[in-house]
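Spelled out from the first residue to the last, the chains are:
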Amino acid sequence: MKTAEDFLEGQVLLIDKPLTWSSFQAVNKLKYHLIRKYELPKKFKIGHAGTLDPLATGLLIICTGKFTKRITEIQSQTKEYTGTITVGATTPSYDLETAVDATFPTEHITEALVLETTKQFLGEIDQKPPVFSAIKKDGKRLYESAREGIEVEITSRKTTIYEFEITRIALPEIDFRIQCSKGTYIRSIAFDFGSALQSGGYLSKLRRTKIGDYSVENGHSPEALDLF
């Protein structure tokens, strides 16, 4: 059993974040639990190493105490995701946060076309973040401007896709596994992948499975907080 000193000195905790929870909620819940259980000071340091959207599940790494200094190092490691792209439609947020705003044909999409198209996304690519993202421009988060209907010019950024594997095709759904660099928006890949198929696409399911050598297989659900 860990002690208060263990958490102050530093721990790396692996959480399997549930659907609809924000990363902020997960950190706050764990902080509240640890402060009460171990009588830690209210200014106890804790933070996560990489945000997961509320509609995504999977690996959320939380660092405590002196290990919060390792957050930047952990965030920079390769990440792995699995999920589903639904083709034939788009949404403004590139996922299920917003409703479908346009539909497109899918009759021409074959397995061979899907597999060939993945090659366009391997290596270093230019990617535009979604308009519904937490990136700040002119002191305002992009999703705030998007919700107000304000158009903002978004600059492309470099990101690297190390692996892009198609694991199931059952149109309109295409399941995938991706390994990528820090700063990659899987929602943008879903949107761009749909466009590359001469159709549309949005992210309908996402799960983060790995960050570096850390795996969600070793993660705990928030309900298992007593393990700490």
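Residues numbered from 1 in each chain as written. Predicted model: local features only at pLDDT ≥ 70, side-chain atom pairs only at ≥ 80, totals over all residues. Heavy atoms only, no water.

## Side note on the overall build of the protein
Quick note on the threshold: Where helices and strands are cited, they refer to DSSP runs of H or I of at least four residues and of E of at least two residues respectively, numbered from the N terminus. Residues are treated as being in contact if the distance between any of their heavy atoms lies within 4.5 Å. Computed with the Shrake-Rupley method and a 1.4 Å probe, the accessible areas treat only the protein chains shown as cover for residues.
Across its full length, the protein carries six helices and 13 strands. Of the contacts made within the protein by residues no fewer than 6 positions apart, 70% connect residues no fewer than 24 positions apart. Of the roughly 11900 Å² of accessible surface on the protein, a fraction of 50% belongs to carbon and sulfur atoms.

## Things to note about a nonpolar patch on the surface
Keep this limit in mind: Patches were defined on residues exceeding 30% relative accessible area and lacking a salt bridge, with like-charge contacts within 9 Å and nonpolar side-chain contacts (Val, Leu, Ile, Met, Phe, Trp, Tyr) within 5 Å. Basic side-chain nitrogens of Lys or Arg form a salt bridge, by our definition, when they fall within 4 Å of a carboxyl oxygen of Asp or Glu.
There is a patch of nonpolar side chains on the surface, built from L19, L55 and L96 and spanning about 270 Å² of accessible area. Here L19 is to be found in the loop between strand 1 (12-17) and helix 2 (23-38).

## So, unusual backbone geometry
As a reminder, the rule being used: Buried residues are those whose accessible area, probed at 1.4 Å on protein chains only, stays under 20% of the maximum for their type, while exposed residues exceed 50% and partly exposed ones sit between those limits.
The residue after L171, namely P172, is reached through a cis peptide bond having omega 15°. For P172, the position within the fold is in the loop between strand 10 (157-170) and strand 11 (173-180). Although it is not a glycine, T20 adopts a positive phi angle of roughly 80°. Here T20 falls in the exposed class, since its relative accessible area comes to 55%.

## Here's the deal with the environment of Y32
Note the following rule: Throughout this description, a polar contact denotes any pair of N or O atoms lying within 3.5 Å of each other; where both atoms belong to protein, one of them has to be capable of donating a hydrogen while the other can accept it, and for residues adjacent in sequence the pair is counted only when both atoms sit in side chains.
Among the structural elements, Y32 can be located in helix 2. Distance in space between the C-alpha atoms of Y32 and K42 is 8.8 Å, their sequence separation being ten residues. There is a polar contact of 3.0 Å between the side chain of Y32 and the side chain of R36.

## Examining empty space enclosed by the protein
Filter applied, for reference: Only protein atoms enter the 1 Å grid used here, on which a cavity is any set of points holding a 1.4 Å probe that cannot leave and a pocket is any open set flanked by protein within 12 Å on both sides along at least five of seven lines; residues with an atom within 4 Å of a point are listed as lining. Grid points are joined across faces, edges and corners, and a volume is the space filled by probe spheres set on the points. Amino acids are sorted into nonpolar (Ala, Val, Leu, Ile, Met, Phe, Trp, Tyr, Cys and Pro), charged (Asp, Glu, Lys and Arg) and polar (every other residue, Gly among them).
Within this structure, the stated rule accounts for one cavity of 30 Å³ or more. A volume near 30 Å³ is recorded for the largest cavity. Ranked by residues supplied to the lining of the largest cavity, first place goes to helix 2 with three residues. Among the residues forming the lining of the largest cavity, the class breakdown is six nonpolar, no polar and one charged.

## Things to note about the environment of G194
Tracing the chain through its elements places G194 in helix 6 (residues 186-196). Among the residues examined, G194 registers a relative accessible area of 0% and is labelled buried. Along the backbone, G194 and T90 are 104 residues apart, and their C-alpha atoms lie at a distance of 8.3 Å. For G194, the contacting residues outside a window of four places in its chain are S199, G200 and G201.

## Observations regarding the pattern of salt bridges
For the structure shown, the criterion picks out eleven salt bridges. Two residues, D16 and R207, come together in a salt bridge whose shortest N-O distance is 2.8 Å. With D16 in strand 1 and R207 in strand 12 (residues 201-211), this pair connects stretches of sequence that are 191 residues apart. Exposure remark for D16: the relative accessible area of 21% places this residue in the partly exposed category. Between E73 and R70 there is a salt bridge, with the nearest N and O atoms lying 3.9 Å from each other.

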